[in-house]
Number of protein chains: 4
Amino acid sequence: MIYFDTDYMAGAAPEIIERLAATNLEETTGYGTDPYTARAKELLAGACGLDLANGAQVRFLVGGTQTNATVLDALLSRHEGVLAAETGHIAVHESGAIEACGHKVLTLPSHSGKVEALEVEAFISEFYKDETYEHMVAPGALYISFPTEYGTLYSLSELERLSGVCRKWNIPLFCDGARLGYALASPKNDVTLPDLARLCDVFYIGGTKVGALFGEAVVASNGALLPHFTSLTKQHGGLLAKGRLLGLQFETLFTDGLYERLASNGVRLALKLKAGFVAAGFMPFIDSYTNQQFFCLPNSLIDRLRQVASFEYWGPRGEQESKVRFVCSWATTEESVDCLLSQL
Amino acid sequence: MIYFDTDYMAGAAPEIIERLAATNLEETTGYGTDPYTARAKELLAGACGLDLANGAQVRFLVGGTQTNATVLDALLSRHEGVLAAETGHIAVHESGAIEACGHKVLTLPSHSGKVEALEVEAFISEFYKDETYEHMVAPGALYISFPTEYGTLYSLSELERLSGVCRKWNIPLFCDGARLGYALASPKNDVTLPDLARLCDVFYIGGTKVGALFGEAVVASNGALLPHFTSLTKQHGGLLAKGRLLGLQFETLFTDGLYERLASNGVRLALKLKAGFVAAGFMPFIDSYTNQQFFCLPNSLIDRLRQVASFEYWGPRGEQESKVRFVCSWATTEESVDCLLSQL
Amino acid sequence: MIYFDTDYMAGAAPEIIERLAATNLEETTGYGTDPYTARAKELLAGACGLDLANGAQVRFLVGGTQTNATVLDALLSRHEGVLAAETGHIAVHESGAIEACGHKVLTLPSHSGKVEALEVEAFISEFYKDETYEHMVAPGALYISFPTEYGTLYSLSELERLSGVCRKWNIPLFCDGARLGYALASPKNDVTLPDLARLCDVFYIGGTKVGALFGEAVVASNGALLPHFTSLTKQHGGLLAKGRLLGLQFETLFTDGLYERLASNGVRLALKLKAGFVAAGFMPFIDSYTNQQFFCLPNSLIDRLRQVASFEYWGPRGEQESKVRFVCSWATTEESVDCLLSQL
Amino acid sequence: MIYFDTDYMAGAAPEIIERLAATNLEETTGYGTDPYTARAKELLAGACGLDLANGAQVRFLVGGTQTNATVLDALLSRHEGVLAAETGHIAVHESGAIEACGHKVLTLPSHSGKVEALEVEAFISEFYKDETYEHMVAPGALYISFPTEYGTLYSLSELERLSGVCRKWNIPLFCDGARLGYALASPKNDVTLPDLARLCDVFYIGGTKVGALFGEAVVASNGALLPHFTSLTKQHGGLLAKGRLLGLQFETLFTDGLYERLASNGVRLALKLKAGFVAAGFMPFIDSYTNQQFFCLPNSLIDRLRQVASFEYWGPRGEQESKVRFVCSWATTEESVDCLLSQL
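Described below are features of the structure shown in this document. In this text the structure is predicted, and so the values were computed from the model without any measurement.

In this section: the overall build of chain A. Looking only at helices and strands, chain A features 14 helices and 13 strands. Over its C-alpha atoms chain A spans a radius of gyration of 20 Å, differing by no more than 12% from the 20 Å that the globule rule assigns to 344 residues. Evaluated residue by residue, chain A yields a buried proportion of 65% over its 344 residues. Taking the contacts inside chain A whose residues are at least 6 apart along the sequence as the reference set, 72% of them involve residues at least 24 apart.

Looking now at the interface of chain B and chain A. Each side of the interface is counted separately: chain B has 43 residues, and chain A has 43 residues. Between chain B and chain A, a total of about 3700 Å² is buried, with carbon and sulfur atoms accounting for 59% of that surface. Ranking the residues of chain B by area buried against chain A places Tyr8(B), Glu27(B) and Lys242(B) at the top, with a combined share of 19%. Our count for the contact surface shared by chain B and chain A stands at 0 salt bridges. Those elements that place two or more of their residues in the side of chain B that touches chain A are helix H1 (14-22), helix H3 (64-75), helix H5 (97-100), helix H10 (229-235) and helix H11 (244-253) of chain B. Here the residues of the side of chain B that touches chain A sort into 21 nonpolar, 16 polar and 6 charged.

Right, let's get into the relation of the copies chain D and chain B. Applying a rotation about an axis and a shift along it to one chain copy brings it onto the other copy. Each copy of the sequence occupies a distinct position, and chain D is placed on chain B by a rotation of 180 degrees and an axial shift of 0.1 Å, giving an RMSD of 0.0 Å. The operation mapping one copy onto its partner corresponds to a two-fold rotation axis. Residue by residue, 100% of the interface of chain D is reproduced at the interface of chain B, so both copies engage with the same surface.

Counting residues in each nonpolar core, the largest one holds 139 residues, and the members touching the most others are Leu142(C), Phe203(C), Ile205(C), Leu142(D), Phe203(D) and Ile205(D). Sort the elements by how many residues they give to this core and helix H12 (residues 258-279) of chain D lands first, with 6 residues. With 135 residues, the next largest nonpolar core counts Val58(A), Ala85(A), Leu199(A) and Ala217(A) among its residues.

Right, let's talk about the environment of Ala275(A) for a bit. Residues and elements named next belong to chain A. For alanine 275, the position within the fold is in helix H12 (residues 258-279). Look at alanine 275 and you get partly exposed, because its relative accessible area is 44%. A C-alpha to C-alpha distance of 9.7 Å links alanine 275 and leucine 341, two positions 66 residues apart in sequence.

A few words on the pairing of strand E6 (residues 173-176) of chain C. Walk down a regular strand and you will see the side chains alternate between the two sheet faces. Residue and element names in this part refer to chain C. Burial of the side chains of E6 extends over both faces: Leu173 and Cys175 are buried on one face and Phe174 and Asp176 on the other. Alignment of strand E5 (residues 138-145) against E6, held across 4 bridges, turns out to be parallel. Directly across from isoleucine 144, in E6, lies its bridge partner cysteine 175. Where the polypeptide runs from E5 across helix H7 (residues 156-169) and back to E6, its parallel neighbour, the crossover connection is right-handed. Bridge analysis of E6 against strand E7 (residues 202-206) gives 2 bridges, and the strand direction is parallel.

Let's shift gears to the packing of H1(B) against H11(B). All names here are of chain B. Between H1 and H11, the least distance of the axes is 9 Å, while the angle of their chain directions is 135 degrees. Considered as vectors, H1 and H11 are oriented oblique to each other. You can see that H1 and H11 cross each other, and the crossing is right-handed. For the pair H1 and H11, the contacting residues are Glu15, Ile16, Arg19 and Leu20 in the first and Leu245, Leu248, Gln249, Glu251, Thr252 and Leu253 in the second. Considered class by class, the residues forming the contact of H1 with H11 number 5 nonpolar, 2 polar and 3 charged.

Counting residues at the interface gives 18 residues for chain D, matched by 18 residues for chain B. Inspection of the region where chain D meets chain B yields 2 salt bridges. The tally of links from chain D across to chain B stands at 12 residue pairs in polar contact (both at pLDDT 80 or more). Of all the secondary structure elements, the ones that give two or more residues to the side of chain D that touches chain B are helix H4 (89-92) and helix H5 (97-100) of chain D. Residue composition of the side of chain D that touches chain B, by class: 6 nonpolar, 7 polar and 5 charged.

Quick look at the pattern of salt bridges now. Taken as a whole, this structure holds 68 salt bridges over all chains when the rule is applied. Ionic pairing is found between Asp201(B) and Arg167(B), a salt bridge with its closest N-O pair at 3.7 Å. One end of the pair, Asp201(B), is in the loop between helix H9 (193-199) and strand E7 (202-206); the other, Arg167(B), is in helix H7 (residues 156-169), with 34 residues separating them in the sequence. Taking relative accessible area as the criterion, Arg167(B) reaches 42% and is therefore assigned partly exposed. Put simply, Glu126(C) and Lys129(C) hold a salt bridge, and the shortest N to O gap is 3.5 Å.

We now examine the sheet that holds strand E9 (residues 284-286) of chain C. Residue and element names in this part refer to chain C. With antiparallel pairing, the 4 strands of this open sheet are ordered in space as E9-E10-E13-E12. If you trace the sheet from one side to the other, it starts and ends with E9 and strand E12 (312-317), each paired once. Each adjacent strand pair in this sheet contributes to an overall mean axis angle of 35 degrees, direction not counted. Note: E9 against strand E10 (residues 292-298), 2 bridges, orientation antiparallel. Bridge assignment links isoleucine 286 to a residue of E10, and that residue is phenylalanine 294. Relative to the sheet, helix H12 (residues 258-279) contacts E9, E10 and strand E13 (321-327), its axis offset from that of E10 by approximately 20 degrees.

Bringing the environment of Asn68(D) into the picture now. All names here are of chain D. Within the secondary structure, asparagine 68 is located in helix H3 (residues 64-75). When the C-alpha atoms of asparagine 68 and leucine 213 are compared, they prove to be 19 Å apart, with 145 residues separating the residues in sequence. Once residues within four sequence positions are removed from consideration, asparagine 68 is found in contact with Ile90, Glu94, Ile98, Tyr143, Phe174, Asp176 and Tyr204.

All names here are of chain A. As summarised here, the arrangement of the 4 strands in space is E9-E10-E13-E12, forming an open sheet in which the pairing is antiparallel. On the outer flanks of this sheet lie strand E9 (284-286) and strand E12 (312-317), each paired with one strand and no other. Direction aside, neighbouring strands of the sheet carry axes that sit 35 degrees apart on average. Contacts between H12 and the sheet are confined to E9, strand E10 (292-298) and strand E13 (321-327), with E10 contributing the most and set at about 20 degrees to the helix.

This next bit is on the state of the cysteines. Counted according to the given criterion, the structure contains 0 disulfides over all chains. Distance from the sulfur of Cys339(B), which forms no disulfide, to the nearest cysteine sulfur (Cys328(B)) is 12 Å.

Residue and element names in this part refer to chain B. Positionally, serine 157 belongs in helix H7. For serine 157, a relative accessible area of 34% corresponds to the partly exposed category. Serine 157 sits 46 residues away from phenylalanine 203 along the chain, and the two C-alpha atoms are 17 Å apart.

Our focus in this paragraph is the pairing of E7(C). Residue and element names in this part refer to chain C. A large share of E7 lies buried, amounting to 5 of its 5 residues. The alternating pattern of E7 places Val202, Tyr204 and Gly206 on one face and Phe203 and Ile205 on the opposite face, and all of these are buried. For E7 and strand E8 (residues 216-220), the ladder comprises 5 bridges, and the chain directions are antiparallel. Bridge pairing in E8 places valine 202 opposite alanine 220.

In this section: the packing of aromatic side chains. The full count for this structure, using the stated rule, is 74 aromatic pairs over all chains. Taken together, a centroid distance of 5.9 Å and an interplanar angle of 70 degrees make the contact between Phe285(A) and Phe294(A) edge-to-face. Phe285(A) gets classed as partly exposed once you look at its relative accessible area, which sits at 26%. Exposure remark for Phe294(A): the relative accessible area of 0% places this residue in the buried category. With a centroid separation of 4.8 Å and 85 degrees between ring planes, the pair formed by Phe127(B) and Tyr128(B) is classed as edge-to-face.

Scoring rules and cut-offs
Starting afresh in each chain, residues are numbered from 1 along the sequence in its written order. As a convention, the first chain written is A and the first ligand written is 1, with the rest following in written order. Restriction of local features to residues with pLDDT of at least 70 applies here, the model being predicted, together with a cutoff of 80 or more for giving and counting side-chain atom pairs; totals for whole chains, interfaces and linings are based on all residues. No hydrogens and no water enter the side-chain calculation; it runs on all heavy atoms of the structure. Only DSSP runs of H or I with at least four residues qualify as helices, and only runs of E with at least two residues qualify as strands; both kinds are numbered from the N terminus onward. Only the C-alpha atoms count toward the radius of gyration. The rule for a globule is 2.2 Å times the residue count to the power 0.38. Throughout this description, buried means an accessible area under 20% of the type-specific maximum (1.4 Å probe, protein chains only), exposed means over 50%, and partly exposed covers the range between. Contact criterion: two residues are considered in contact whenever any of their non-hydrogen atoms come within 4.5 Å of each other. Accessible area that two parts lose when put together, evaluated with a 1.4 Å probe and summed over both, is termed the buried area. Salt-bridge detection follows one rule: a side-chain nitrogen of Lys or Arg within 4 Å of a carboxyl oxygen of Asp or Glu. Gly counts as polar in this scheme, as do all residues outside two lists: the nonpolar Ala, Val, Leu, Ile, Met, Phe, Trp, Tyr, Cys and Pro, and the charged Asp, Glu, Lys and Arg. C-alpha atoms of residues with pLDDT of at least 70 in both copies form the basis for the least-squares superposition of the copies. Nonpolar core, defined: a set of buried Ala, Val, Leu, Ile, Met, Phe, Trp, Tyr and Cys residues in which side-chain atoms within 4.5 Å join the residues together. Paired strands are those between which DSSP finds at least two bridges. Whether a crossover is right-handed comes down to one check: with the strands pointing away from the viewer, does the path from the first strand over the helix to the second run clockwise; if it does, it is right-handed. Here an angle of 0 to 180 degrees is reported between the N-to-C directions of two axes, which are lines fitted to C-alpha atoms, with helices fitted over the stretch in contact. Angle categories are assigned with fixed cut-offs, so that under 35 degrees is roughly parallel, over 145 is roughly antiparallel, 65 to 115 is roughly perpendicular, and the rest are oblique. Left-handed is the label given to a crossing in which the near helix is rotated counterclockwise from the far helix by less than a right angle, and right-handed is the label when the rotation is clockwise. Within 3.5 Å is the distance limit for a polar contact, defined as a pair of N or O atoms, with the added protein rule that one can donate a hydrogen and the other accept it, and that residues adjacent in sequence qualify only through two side-chain atoms. Note on disulfides: each one is a pair of cysteine sulfur atoms within 2.5 Å. Each Phe, Tyr or Trp ring (for Trp, its six-membered ring) is paired with any other whose centre lies within 6.5 Å, and the angle between the two planes then decides the class: stacked below 30 degrees, edge-to-face above 60, tilted in between.

Written out as structure tokens, the structure is:
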């Protein structure tokens, strides 16, 4: 059986496992106060064009939902909610973690997973025109994901417009980068880490789905936006005792371009898979250039593919076809994709 | 430098690292639905004398604060708080994680970290005698730690009395076992895993401090006490994507008695350390038989010890002495203890 | 100036003021333990065809948002949210009070303020078909308002269908009756208080907008659905010290048909107002038979009406017209309506 | 039967009932935007030596628990708790309302209900000396009550010292004045409203217990400390629809010295009652100079007094005596006190 279900099915890049093994019996202080974490912070800040000595902040948490909840809880006042696409991960797939912190997710239309700057602007300006706005939940931050849950990408100019709206209204722009590597590695992408650091107030670089055992690296160009973040992370249950495990993984990922190489594998194979399906006459129902691919396929073909491969079923379209998702990752092999395509 | 600061300074038991490496590129489904997790659940249930087919539940989370908050949020109604020693970890050292879920920690006197069954009984019976009790926070669960934050142990009969009070009042008894191995391995201990499973409603078996990279295993003899626990864990940010990392570690720990062996190392060396200090004429200020040792030492000696060793400073006692804590763990070596004692 | 802005602009029915004055210096115990409250509970239970001795519960709170938050917090588990029309008061106009308790509002399409039983059924059944439903917020209750925020009414058969869906899925049906009197008094209404008590699990009878100074009466045919409700109400800041003020007002409202008379005044005058506008050639944009009326009017007419009357502006429709709302209440006079209509 | 149970047993000062009746059918806008509320704000600011035009803020809420929770939620960051005496109302008698907002109540020793400036200072300075303070709940505000739950008073110099500590550490001082009138009217008191406004960051002037039907007036010399307070009040369920009821009551209370007169009645009669018991040979167990009096009495006397009077039982002291509380209020009559004393 070959797996295209998701991008967190394998363990970690072998370089990470080797490093874990090599440093295993060293003893360091906990909670991210160790030298591995310090080095990882420097490396990531550098990759983002930021300077820790100049107020930038890099922090490591274990998982995405935890990171979203902790960061948004830090960014939002009690009377504020967070704007997000109605398909955004925080709006749909986090078991209400944001609401559990007391904050409403204010939904915007989803354009293949993306929000539109004009619609963000309209929401906020309409909000403050409403005479009863104090009886409503104020938009206190904008959440986007990059790439989105549908594998789509914001262009640099789209991101600049979103950032402009947020700055005009003085609300932070927060980017969920759980799959960030697969955006950066896409041939269609024109956004860099320094662009993200410049345009977003807070974003994170996902490790869990891009070669780490686990871990998300939060980056804020202005660390003052995340005051008392250690306490808040502890309160949210996200302060890993052996914090060096996070530092060590991100140090490894950001040494010698490993993160890019891992992500590129996922994107390259996903695009090969896509090209193979298209060549066989099938059309994607979302035009993704990252590591997730979305097709409508005949149910008979789906049944046949299931003999060799595992992938997500996204529901019927009509009586003969269904929507499915194929995900490639840093761990996917050329052979797996070839094997799948050979079934077409 | 040798380290006695705490028990989460080294990585993991080599057996765990080997197993992680050996299985690293396997692909499994996420969030604890993998076969490693299934096997670990069976192994732990078995070690606790429980049967998963008979309603028992075993669940894996990443860290202790996360586990305490998630379990207590599952156990408590909105109008209820949790009873705990005033020195309990949830009362002091979790950045308000329990209150962040909306629940008050109702504190009881600490007897070297332990609560007294008679005082629990008195608290609850006084509570319901108060005519205004509906204006107060109802005691909805009892939290204990075993061993306690001060290394002390409940005897089986103490635990039976606590369990009896809880059952009389129909509130769950929840035991924080972050260092559980070091209790079970103590020569003074007469409590077994099946005893805990029988007397506590929910408890957890700590991995982070006893040889795992991270991970806590929650055990409930009656799983119905933890309904919708996957959703709640997700909401609390504790559902690890690559859940098999937890299953695999606990599977390893509970194979061939590894967990016991690791814990025994910590306890044996801590007691050797204690005996060495006592022989040199120093008296512990808490009489611990687990992996944490607490001494009042002359400040001049502390300065000398600090040349070779790192340990926690717990504050002054008078002008000439101070309180310090030494912790041994699964990773502590005989040489380290010998080296420390050679300074006396 | 005459006022059609809303239904909480005047004080209270004179009968209530007289009763407050007559009993003012009596001394009673607090928090709703007084005889006025006891009598009011009996009266309301009786009006709803319920028996307090048989498990029914009647409770009094101060305001609507407070009542919605307290009741839903009592009904929902931590992992659950509440289904509501996207126009529902809890979804829009309560400053995030439901989310502040940790619960997501799961929105359904609004049909002039109403939800459709088929869409509720579809939401819930789709939810449990989703393989990832444990990562989503479970629908734990259904919130409706009667009349809705748009003055519309559920028919008895619509309510029966909603109730049927809720019981099929074992989730409580909760009805916000902040304006309930104006529904019951509508000539188009075929739902009675006993129907509500039978079909809803919890509902409330609004006082604030129907002749009381303040106060909402929560009714549950099965009081066991609201355990520890005094504590929860206190926790939510809704337990009025001088609870008898609530009891006394509802006792007065439910004596000699006062509540019905007050509500009838509001509905009768609203329908007269509506008829007057229709006769003058204007069409309502929502066809309401309760005390709120919604018209699109030429901007020039709106300007003229504003010389004598105050009413809510609901935004433009095209360049020449705007949407406005007129609300009549128990306190509106025939002269006020005549005066307004004389401007047409 | 005569009542000394508490100070919220009667309705309101007749002047308030008259004013309610006289203005009853007037129509005003809601939620505190009416002219009565505006005038009351001016009057109270004036009484406190503050200027609304200069940033001071006065807000009205319905009850004390609601006010404590809303104000503290506004003042505290998510990682912060509130310091309070272990006997403070928020620590004991609010059903966990503060924790329900996510904040821990950090308790200090109670000295007959009061906290000591030196102990506040010690708590905060010890807190920040602790190396693990980020794992603990930061003291983010200081809550005091004036008079305290035990009827005791802070002297002006004690209040100045508390204020000094709070300002040194830059945390707001919040004073619960649910019974404030009875402090101001005490012959032992040397604190004025302008003193409170100057020394506290936020405090409230209780109406519920001092002659109003309900209502608490929050005063902040620097209104910027309570940003978005309307939204927060709405979210907490404390925004009264007919807000003018609050404005009108406080306007009446602060016209012609009514508030002082009402409070003076309660204090004068409480001190007469105290003197009578002392003259009869009984000693108070708390030496209160406000409207609450606390005595240890022989059980036989208590039984006899209960024939004519109702009062609170506070538990046994030994086998022959018990502690009881007598409360006088604005509504207590000379005859009631005489009648009680005649039983001695």
